[in-house]
Amino acid sequence: MSKNFVEFIIDGKKCMSEEGKYIIDAAKDNGVYIPTLCNIEGLKPKGACRICSVLVNGRPMTACTTPVTSGMEIENNIAQIEGIRKTIIEALFVEGNHFCPSCEKSGSCELQALAYKYKMLVPRFPFMFPIREVDASNPKLIKDHNRCILCKRCIRGIRDENDRSYFAFKKRGHEVEININHEMANKMTDRLARESMDICPVGALLIKESGFRTPIGQRKYDHLPIGSDIEK
Amino acid sequence: MSKPILATASLAGCFGCHMSLLDIDERILELIELVDFNKSPINDIKKFTRPCDIGLIEGGCCNNDNVHVLKDFRKHCKILVSVGECAIMGGLPALRNGLPVSDCLEEAYLNGPSTKDENPEGIMPNDVELPILLDKVYPCHEVVKMDYYLPGCPPDAELLWGALTALIKGNELELPYEVIKYD
Ligand code: SF4
Ligand code: SF4
Ligand code: FES
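Residues numbered from 1 in each chain as written. Chains lettered and ligands numbered in written order. Predicted model: local features only at pLDDT ≥ 70, side-chain atom pairs only at ≥ 80, totals over all residues. Heavy atoms only, no water.

Asks: What am I meant to see in the overall build of chain A here?
Replies: A count of helices and strands for chain A gives 6 helices and 10 strands. Against the compact-globule benchmark of 17 Å for 232 residues, chain A has a radius of gyration of 19 Å, which places it among compact chains. The contacts of chain A with a sequence gap of at least 6 include a subset with a gap of at least 24, amounting to 61%. Within the structure as shown, chain A displays about 11800 Å² of accessible surface, and the carbon and sulfur contribution to it stands at 50%. The positive charge centre, built from 35 side chains, and the negative charge centre, built from 30, are 2 Å apart in chain A. (Helix = DSSP H or I, 4+ residues; strand = E, 2+ residues; numbered from the N terminus. Rg over C-alpha atoms; globule rule 2.2 N^0.38 Å. Contact = heavy atoms within 4.5 Å. Areas by Shrake-Rupley, 256 points an atom, 1.4 Å probe, with all protein chains shown as cover. Lys, Arg positive; Asp, Glu negative; His and termini not counted. Charge placed at Lys NZ, Arg CZ, Asp CG, Glu CD.)

Asks: Mind showing me how you'd approach the site of ligand 1 here?
Replies: The environment of ligand 1 is formed by Phe93, His98, Phe99, Cys100, Cys103, Ser106, Cys109, Leu111, Gln112, Arg147, Val202 and Gly203 of chain A. When grouped by side-chain class, the residues that make up the shell around ligand 1 number 7 nonpolar, 4 polar and 1 charged. (Near = heavy atom within 4 Å. Nonpolar A, V, L, I, M, F, W, Y, C, P; charged D, E, K, R; others polar.)

Asks: Any chance you could explain the packing of helix 2 (residues 27-34) of chain B against helix 6 (residues 157-169) of chain B here in plain terms?
Replies: When two helices pack together, their arrangement is given by the angle between the helix axes and by the axis-to-axis distance. All names here are of chain B. The N-to-C vectors of helix 2 and helix 6 enclose an angle of 20°; their axes lie 12 Å apart at closest approach. Relative to helix 6, helix 2 is oriented roughly parallel. At the point where helix 2 passes helix 6, the crossing takes the left-handed sense. Of helix 6, the residues touching helix 2 (which contributes Arg27, Glu30, Leu31 and Leu34) are Glu158, Trp161, Leu164, Thr165, Ile168 and Lys169. When the residues that make up the contact of helix 2 with helix 6 are grouped by side-chain class, the tally is 5 nonpolar, 1 polar and 4 charged. (Axes fitted to C-alpha atoms, helices over the stretch in contact; angles between N-to-C directions. Parallel < 35°, antiparallel > 145°, perpendicular 65-115°, else oblique. Left-handed = near helix turned anticlockwise from the far one by under 90°.)

Asks: Just to check I follow, could you spell out the site of ligand 2 for this structure?
Replies: Looking at ligand 2, there are 13 residues lining it, with Cys148, Cys151, Lys152, Cys154 and Cys200 of chain A nearest. Residues that form the shell around ligand 2 fall into these classes: 11 nonpolar, no polar and 2 charged.

Asks: Any chance you could explain the packing of aromatic side chains here in plain terms?
Replies: Between two aromatic rings, the relevant description is the distance of the centres plus the angle of the planes. This structure, assessed with the given rule, holds 5 aromatic pairs over all chains. With centroids separated by 5.8 Å and ring planes inclined at 85°, the aromatic side chains of Phe93 of chain A and Tyr182 of chain B adopt a geometry described as edge-to-face. In this pair, Phe93 of chain A sits in helix 2 (residues 79-95) while Tyr182 of chain B sits in the segment after helix 6, so the two residues belong to two different chains. There is no split in this pair, since Phe93 of chain A and Tyr182 of chain B are both buried. Centre to centre, the rings of Phe48 of chain B and Phe73 of chain B are 4.8 Å apart; their planes meet at 70°, and the pair counts as edge-to-face. Of this pair, Phe48 of chain B sits in the loop between strand 2 (36-37) and strand 3 (52-58) while Phe73 of chain B sits in helix 3 (residues 64-76), placing them 25 residues apart in sequence. (Phe/Tyr/Trp six-rings, centres within 6.5 Å; stacked < 30°, edge-to-face > 60°. Buried < 20%, exposed > 50% of the residue type's maximum accessible area, 1.4 Å probe, protein only.)

Asks: When you look at the domain arrangement of chain A in this model, what are you seeing that I'm missing?
Replies: How large an interface is tends to be reported as the accessible area lost when its parts come together. Residues and elements named next belong to chain A. You can read the domains of chain A as domain 1 (5-77) and domain 2 (85-215). Centre-to-centre, using C-alpha coordinates, domain 1 lies 26 Å away from domain 2. The interface is formed by 20 residues belonging to domain 1 together with 17 residues belonging to domain 2. Interface area for domain 1 against domain 2, summed over the two sides, is near 1400 Å², with a carbon-plus-sulfur share of 64%. Where domain 1 touches domain 2, the interface holds 0 salt bridges. Our enumeration of links across domain 1 and domain 2 arrives at 7 residue pairs in polar contact (both at pLDDT 80 or more). Split by residue class, the side of domain 1 that touches domain 2 holds 12 nonpolar, 5 polar and 3 charged. (Domains from an automatic or database assignment. Buried area = accessible area lost by both parts, 1.4 Å probe. Salt bridge = Lys/Arg side-chain N within 4 Å of Asp/Glu carboxyl O. Polar contact = N/O pair within 3.5 Å; in protein donor to acceptor, adjacent residues only side chain to side chain.)

Asks: For this particular structure, what's the right way to read the interface of chain B and chain A?
Replies: Across the contact, 25 residues belong to chain B and 26 residues belong to chain A. The junction of chain B with chain A conceals about 2300 Å² of combined surface from both sides, 67% of it contributed by carbon and sulfur atoms. For the interface between chain B and chain A, the tally reads 9 residue pairs in polar contact (both at pLDDT 80 or more). Broken down by secondary-structure element, the contributors of at least two residues to the side of chain B that touches chain A are helix 4 (85-89) and strand 6 (133-138) of chain B. Element by element, the count of residues in the side of chain B that touches chain A is highest for helix 4 of chain B, at 3 residues.

Asks: Would you mind going over the sheet that holds strand 4 (residues 59-62) of chain A with me for this structure?
Replies: Picture the strands of a sheet paired through backbone hydrogen bonds; they go either parallel or antiparallel. Residue and element names in this part refer to chain A. Spatially, 2-1-5-3-4 is the arrangement adopted by the 5 strands of the open sheet, whose pairing is mixed. On the outer flanks of this sheet lie strand 2 (13-18) and strand 4, each paired with one strand and no other. Direction aside, neighbouring strands of the sheet carry axes that sit 40° apart on average. Bridge count between strand 3 (residues 53-56) and strand 5 (residues 73-75): 2 bridges; the pairing is antiparallel. Bridging across to strand 5, Leu55 finds its partner in Glu75. (Pairing = 2+ DSSP bridges.)

Structure (structure tokens):
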């Protein structure tokens, strides 16, 4: 087995990884956390949310879709990049309806966790309060479009044995939303419903008849910022 | 040197943020050494009697009285702070923002489970003394300029204490990870 290893630099730190790995994963191997929202390990990257933007040799690129090459100079924790990330987070908060105090995902939500990490006290943009629907018509899952950030993780990750997706986009442009295939959803197993809730970075997919099980103080991001497991 | 003057108000909030302020426990004694209170539900002073240094605002604006009080605070306070999710983004009261006001009133007074049978004449409160509901609930900074924001539902007592003492003493506010929470 011959693997090509390449050397590259992140924020001045010398790193090493297999050639061709995406920057996100190569950074992780070297104990560097680059935030993600639409990306999830094991799925083909989408490059949708831009939260993973880094400077590659001085130019902004998405770390989840850019393979690492020899001698690359990557800038991650710098003011310019953090500014971009914070702007995206704030835009996501005003674009939907994020009432964290009443959200089941609160404390374990990746969007919220990133807002904590970047210390968002108030979004700089005006709140849009869009009118969005909650779809509770399926037996196992509730879909709350108020919180969906359109990352497509559910579409990409939740599939049946014939590789058909339970979820799909419907409508276009600013009206686009996630649709659940009712016929398939009627037969969805508890395990898959749980996986759907878990794959969603926010609280847009919730399993029915069970909620707020984890007490405050024991949730994923109550004590440590997102990415702490990578940046040991 | 005279002490800084503090004023507080609860607009469209639940008083939870004020309760969280009381969660500073015995440091409340320290606080009254550090500041004098003016208009506030804590001492029940109803009208400003002098210009103030710091105004803490809980709750957003859901009716015309909230707007009036908020503007009054802006006029009297050098520094105005949005305290809690409702002040910052409307909070749970803003859940009604997608609905027409008439739907909310009808649900509350005509069709709700607790009013449906109790209000056969279909009376809606309409006394001239009552504040008028706004079309939606507005975050404070969309009504007047706010200077600082302390998130949380309610904000952690440590965050409130940290922010107050930083403002009073003119220090920079420290924000450790665990004090910024939106729930
Ligand atoms: S999805 Fe996340 S950010 Fe949105 S309301 Fe829920 S906890 Fe808050
Ligand atoms: S429902 Fe969740 S996983 Fe699916 S696109 Fe929306 S935010 Fe992403
Ligand atoms: S995580 Fe890379 S673009 Fe979303």
